[in-house]
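Spelled out, the chains give:
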Amino acid sequence: MEAEQLTTRLMEGQYLVVDLRFATAMPSTTVVSRAYNTEAAAQLVLGIDLVRSGRPKDLQAKVYFVDRSGVLNMVRLYRRPGGSEA
């Protein structure tokens, strides 16, 4: 199922992690319910520590979530400068 379809089914407290580490037509997606923020959700799925700012070439994931008002949000997460993948 495509990320756009999954985001319409997200509930408050869930995160949809889209893995962008590999150039594929269909990136893998995972829904996480047991995370306290977007970075923690990505770390649970990908096993790497990511940050919210970075260079476009360091983009590793997009994380979608629904806030308390019911609005769908997305953050881009990047490889930490000087960091390495686990």
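Every chain begins its residue count from 1, and numbering advances along the sequence as written. Reporting in this predicted model follows two pLDDT cut-offs: at least 70 for local features of residues, and 80 or more for side-chain atom pairs to be given and counted; totals over whole chains, interfaces and linings ignore these cut-offs and use all residues. The basis for every side-chain value is the complete set of non-hydrogen atoms in the structure, without hydrogens or water.

Draft legend 1. Representation of the overall build of the chain within the structure. Along the backbone of the chain there are two helices and five strands. Across the chain, helices and strands are ordered from the amino to the carboxyl terminus as α-β-β-α-β-β-β. Within the chain, the fraction of its 86 residues that count as buried is 35%. Carbon together with sulfur atoms contributes 50% to the accessible area of the chain, which is approximately 5,600 Å² in total. By definition, any uninterrupted DSSP run of H or I lasting at least four residues is a helix, any uninterrupted run of E lasting at least two residues is a strand, and each is numbered from the N terminus. Summary of the burial criterion: residues with accessible area below 20% of their type's maximum are buried, those above 50% are exposed, and those between are partly exposed, where the area comes from a 1.4 Å probe applied to protein chains only. Residue-level accessible areas treat just the shown protein chains as cover; the underlying method is Shrake-Rupley with a 1.4 Å probe.

Draft legend 2. Fine view of the nonpolar core. Formed by 15 residues in total, the largest nonpolar core has its most connected members in Tyr15, Ala35, Ala41, Leu50, Val63 and Leu77. Contributions of two or more residues to this core are made by β1 (15–19), α2 (38–46), β4 (59–66) and β5 (72–79). If one sorts the elements of this core by residue count, α2 sits on top with four residues. Among the buried residues, those of types Ala, Val, Leu, Ile, Met, Phe, Trp, Tyr and Cys that are joined through side-chain atoms within 4.5 Å form a nonpolar core. Among the nonpolar cores identified, the runner-up in size contains five residues, and Leu10, Leu16, Val18 and Tyr64 belong to it.

In short, the description is geometric, and any link to function would need to be established separately.
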